[in-house]
Amino acid sequence: MDFYQAQDDARRSTTRLIVYFILAVISLVIMTNLLIMLVFGYVEGPGQLTLQNIASQFDWMTFFAIGALVVLIIAVGSAYKILTLAGGGNVVAESLGGTPIKPNTGDALERKVLNVVEEMAIASGTPVPPVYLLKDEEGINAFAAGNTPADAVIGITRGTAEQLTRAELQGVVAHEFSHILNGDMRMNIRLIGVLHGILVIGMIGYYVLRSMTYSRRRSNEKNGAPILALAIGLMVIGFAGTFFGNLIKASVSRNREFLADASAVQYTRDPHGIAGALKKIGGHAAGSTLQTPQAPTMSHAFFGQGVSHFIQSLFATHPPLDVRIKRVDPGWDGKFPAVEEPVSGDAARQSGGENGDERRRAVLEGAVVAAGVLQANEMIDSVGRPQTEHIQYAGEIIAAIPRAVREAAAEPYGARAVVYCLLLDSEREIRAQQLAHLEREGDHGIGKLVHTLCGDIAALGVEARLPLVDLAMPALRELSPGQYGLFRRNLDALIRMDRRINLFEWALEKILLQNLEPQFTGRRPRAPRHGSLGAVRPHVETLLSLLAHACVKDEQARPRAFEAARLELDMPDLELAPKERIDLDALDTAVDELALLKPLIKPRLLKACLACITHDEAYSPEEMELMRALADTLDCPMPPYLGGRGQGRAR
């Protein structure tokens with residue numbers, strides 16, 4: 001299944017979730033009405049609780065009034081929970097007892113986890129997500145949480161970090177990245193909110209019962225039986241809500257787990273990695289179970305089952321362990337290996353925990369050159385589907401970055417300097433003005449650090465620019481609101497200092513704001529709403545016209561490049577806009593609207609963009625990085641361009 005279909009299926013799963021939720025609410029409305037009829041039937045005829053007494057309590061006005069109250073309680077409960085989770089994946093991770101791993105950590109075990117996550121993120125074309133370690137959890141488990149890739153986090157238990165080899169850990173991380181790329185996280189957050197609303201009625205019954213117990217100790221009330229019955233009845237309804245909730249989680253989650261397992265194998269081309277992790281869950285004393293009281297709330301988002309149920313087969317949010325293993329390793333003998341000793345510190349370092357020259361040599365010497373030629377259009381099909389070559393290439397890029405630059409990108413102060421370096425102009429006079437501005441308006445000493453790092457960063461080449469931004473993203477998320485405001489002002493000043501904005505500068509700023517603004521401004525992403533390209537025709541025209549003018553140097557060839565894009569879209573009414581009518585503000589507006597296209601529409605647009613850029617069958621690494629940046633702004637993360645490995649014909 002490709003990225004776009006998986007995204008669309010995630011939207012359909014959300015629709016199915018809504019249907020199940022409505023059915024559960026209807027059931028709870030009926031049950032609450034029956035409870036009220038029972039209680040008041042008893043009050044009206046004490047000692048003579050008959051069907052006639054119960055039926056006499058029914059009338060439609062009361063039924064709808066009680067129904068409206070139940071719906072209101074559930075809606076408020078769901079909305080409250082969703083709002084508490086609006087802060088992103090870090091809220092979920094912290095509620096489960098997770099501690100963020102610092103990007104510049106020196107701990108070998110934490111470094112191993114970070115290295116695997118960094119490689120997978122760069123291979124996927126996404127910013128590196130913050131990583132949380134659940135230090136008190138011995139079970140082998142992991143999760144991805146967040147509303148969008150921009151606020152996603154990866155959570156790893158201590159048992160996972162200690163017990164798994166690097167290949168097994170890579171399989172688990174690839175599984176979680178599949179959830180990020182396929183749009184499962186937002187559905188998981190909504191599921192948590194929906195189920196909380198369903199459980200609120202039972203919580204009300206519990207608190208009524210507690211308050212009655214307390215009040216009866218202080219008084220000699222003798223007429224509390226109806227209220228006691230009501231409280232107990234509400235708690236019973238709460239148990240029914242739990243039943244519906246677990247059933248909904250199980251029905252929505254299981255197929256997504258199979259897809260994530262298959263995607264992990266596709267990404268790594270190593271079925272033994274994820275299969276080995278699943279086998280170790282079966283052979284580990286703690287399995288995949290989490291001890292935190294919040295685990296049942298998030299059980300559907302874990303790599304493994306996470307919690308146990310009385311009726312396991314009915315309520316399980318994950319397929320049976322042996323079935324998952326057989327799907328990725330058909331030759332498995334059915335035996336779970338005994339898991340006793342954790343991976344040693346030496347093994348952790350050999351698995352990628354070390355830094356410096358030794359690690360660089362290991363990665364570069366072990367890298368496998370991608371075979372064959374990847375055609376341009378295959379870049380579009382690779383969106384959300386990184387391959388082994390991309391992961392290996394990501395490892396090479398990380399290994400090639402000088403230690404000083406990596407260390408700077410791993411903490412908030414240095415991460416800002418790294419971004420500023422990427423915006424320094426090639427003209428000496430303008431660069432001097434930019435550095436002077438940073439000395440004058442930037443954080444204390446930032447100009448000096450930029451001057452120190454800029455030579456190493458400039459020597460990295462075009463292909464390292466976006467990965468470097470991705471690596472710096474976790475540290476940039478640690479900025480205070482005041483620091484972020486200053487960073488934004490300096491970003492804008494550096495871009496505008498030469499009185500011209502090139503497309504890379506625009507794309508860099510767009511990527512940074514897209515990933516940082518939700519955290520610092522509270523701006524939430526809008527849901528896809530455009531079901532056809534015709535609905536956004538002016539914006540399609542703006543984007544393709546700008547690409548034609550910016551990427552096709554021969555003025556006579558521009559109309560032909562635009563025509564190639566128009567044919568790809570089958571939109572004969574599109575017209576190439578004059579260069580003077582297009583600016584980056586118009587491009588901003590166009591891309592923001594095009595990002596709201598429904599998933600299955602986006603590949604056609606991306607193929608049209610690529611058809612325009614590569615019309616002459618030759619394209620530069622700069623243009624391919626622009627294509628990746630553009631795809632990122634459309635929420636279609638594109639793996640790295642493997643230009644150095646025969647991918648297309650660079651000019």
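Residues take numbers from 1 onward in each chain, read along the sequence in its written order. Local features in a predicted model are, by the rule used here, given only for residues with pLDDT of at least 70; side-chain atom pairs are given and counted only at 80 or more, and totals for whole chains, interfaces and linings are based on all residues. Heavy atoms throughout the structure, all of them, feed into the side-chain values; hydrogens and water do not.

Caption draft 1: Spatial organisation of the layout of surface pockets. Put plainly, a pocket is an open set of points on a 1 Å grid over the protein atoms alone with protein on both sides within 12 Å along at least five of seven lines, a cavity is a set where a 1.4 Å probe fits but cannot get out, and a lining residue has an atom within 4 Å of a point. Grid points are joined across faces, edges and corners, and a volume is the space filled by probe spheres set on the points. Approximately 710 Å³ is the volume attributed to the second largest pocket. As for the second largest pocket, its lining consists of 29 residues, of which R465, N502, F504, E505 and E622 are closest to the centre. Looking at the lining of the second largest pocket, the element that brings in the most residues is helix α29 (residues 621-633), giving four residues. Its residues assigned to classes, the lining of the second largest pocket shows 14 nonpolar, four polar and 11 charged. Runs of E in the DSSP output that reach at least two residues are strands. Runs of H or I that reach at least four are helices, and both are numbered from the N terminus. Classification used: nonpolar for Ala, Val, Leu, Ile, Met, Phe, Trp, Tyr, Cys and Pro, charged for Asp, Glu, Lys and Arg, polar for all others including Gly.

Caption draft 2: Just the pattern of salt bridges, in detail. Each reported salt bridge corresponds to a side-chain nitrogen of Lys or Arg within 4 Å of a carboxyl oxygen of Asp or Glu. In the structure shown here, the tally under the stated rule is 21 salt bridges. Between E138 and R158 there is a salt bridge whose closest N-O contact spans 3.9 Å. Of this pair, E138 sits in the loop between β2 (131-134) and β3 (142-145) while R158 sits in helix α6 (residues 158-163), placing them 20 residues apart in sequence. As a salt-bridge pair, K280 and E168 come within 2.9 Å of each other at their nearest N and O atoms. Placement of K280 in helix α10 (residues 271-283) and of E168 in helix α7 (residues 166-181) is noted, with a sequence separation of 112 residues between them.

Caption draft 3: Inspection of the nonpolar core at higher detail. With 138 residues, the main nonpolar core has V450, L476, F487, L512, V540, L544 and L547 as its most contacted residues. In this view, V540 contacts L533, L569, L574, L594 and L605; residues no more than four positions away in its chain are not counted. Core analysis: the second largest hydrophobic core is formed by 19 residues, A24, F63, I66 and L191 among them. We define the nonpolar core as a collection of buried residues of types Ala, Val, Leu, Ile, Met, Phe, Trp, Tyr and Cys that are connected through side-chain atoms lying within 4.5 Å of one another. For every residue, the accessible area obtained with a 1.4 Å probe (protein chains only) is divided by the maximum for its type, and the residue is called buried under 20%, exposed over 50%, and partly exposed between those limits. We call two residues contacting when some pair of their heavy atoms lies within 4.5 Å.

Caption draft 4: How the structure looks around the packing of α10 against helix α13 (residues 321-328). In contact at an axis separation of 9 Å, α10 and α13 are set at 160 degrees when each is read in the N-to-C sense. By the criterion of interaxial angle, the relationship of α10 to α13 is roughly antiparallel. The crossing of α10 and α13 is left-handed. Each of P271, I274, A275, L278, K279, I281 and G282 in α10 lies in contact with α13, whose residues at this interface are L321, R324, I325 and V328. Split by residue class, the contact of α10 with α13 holds eight nonpolar, one polar and two charged. Every angle, taken between N-to-C directions, lies between 0 and 180 degrees, and every axis is a line fitted to C-alpha atoms, over only the stretch in contact when it is a helix. The scheme is simple: roughly parallel for angles under 35 degrees, roughly antiparallel for over 145, roughly perpendicular for 65 to 115, oblique for anything else. Should the near helix be turned anticlockwise from the far one by less than a right angle, the crossing is termed left-handed; should it be turned clockwise, right-handed.

Caption draft 5: Main features of the packing of aromatic side chains. Two aromatic rings from Phe, Tyr or Trp, using only the six-membered ring of Trp, form a pair when their centres are within 6.5 Å; if the ring planes differ by under 30 degrees the pair is stacked, by over 60 it is edge-to-face, and anything between is tilted. Under the criterion given, the structure shown has seven aromatic pairs. Their ring planes at 75 degrees and their centres at 5.6 Å tell us that W60 and F63 sit as a pair that is edge-to-face. Of this pair, W60 and F63 both sit in helix α3 (residues 60-84), three residues apart, roughly one helical turn. Taking relative accessible area as the criterion, W60 reaches 55% and is therefore assigned exposed. For F63, a relative accessible area of 19% gives the class buried. Taking the centre distance of 5.7 Å and the plane angle of 85 degrees together, the rings of F63 and F64 count as edge-to-face. By the ring-pair criterion, three or more aromatic residues cluster together here, those being W60, F63 and F64. Geometrically, a lysine NZ or arginine CZ counts as sitting over a ring once it is within 6 Å of the ring centre and also within 35 degrees of the ring normal. The ring of F504 carries the charged tip of R465 above its face, separated from the ring centre by 3.6 Å.

Caption draft 6: Here's a closer look at the pairing of β3. Neither face of β3 is left uncovered, since the one carrying A142 and A144 and the one carrying F143 and A145 both have all their residues buried. Following DSSP output, two strands are said to pair if at least two bridges run between them. Two strands pair when backbone bridges link them, and β3 and strand β4 (residues 153-157) are joined in this way by four bridges, in the antiparallel orientation. The partner of F143 across the bridge, within β4, is G155.

Caption draft 7: Broad picture of the environment of R324. The residue R324 is located in helix α13 in this model. Separated by 50 residues in sequence, R324 and I274 place their C-alpha atoms 9.8 Å apart. Those residues in contact with R324 that sit more than four places away from it in its chain are H175, E257, F258, D261, L278, F303, G304, H318 and P319. A 3.5 Å cut-off defines polar contacts: any pair of N or O atoms within that distance qualifies, except that in protein one atom must be a possible hydrogen donor and the other a possible acceptor, and neighbouring residues in sequence count only when both atoms are side-chain atoms. Within the local environment of R324, its side chain forms a polar contact with the backbone oxygen of F303, the two atoms lying 2.9 Å apart.

Caption draft 8: Inspection of helix α25 (residues 537-551) at higher detail. By definition here, a helix of n residues has an expected span of 1.5 Å times n minus one. Between the first and last C-alpha of α25 there are 21 Å, a value that for 15 residues agrees with the 21 Å anticipated at 1.5 Å per step. Counted residue by residue, α25 has 11 buried out of 15 residues, so it is predominantly covered. Buried residues in α25 make contact with α24 (503-521), α26 (558-569), α27 (584-594), α28 (602-613) and α29.

Caption draft 9: Expanded view of the side chain of S263. Mapped onto the fold, S263 is located in helix α9 (residues 225-268). When near neighbours in sequence (up to four residues on either side) are disregarded, S263 contacts S178 and N182.

Caption draft 10: Region of interest: α24. The end-to-end C-alpha separation of α24 is 25 Å, in line with the 27 Å expected for 19 residues at 1.5 Å each. The largest bend along α24 measures about 35 degrees and falls at N515, with the proline P518 one to four residues further on. Across the 19 residues that make up α24, a large majority, 16, are buried. One axis fitted to the seven residues ending at a residue, another fitted to the seven starting there: the angle between these axes is the bend at that residue.

Treat this as a map of the structure, not an account of what it does.
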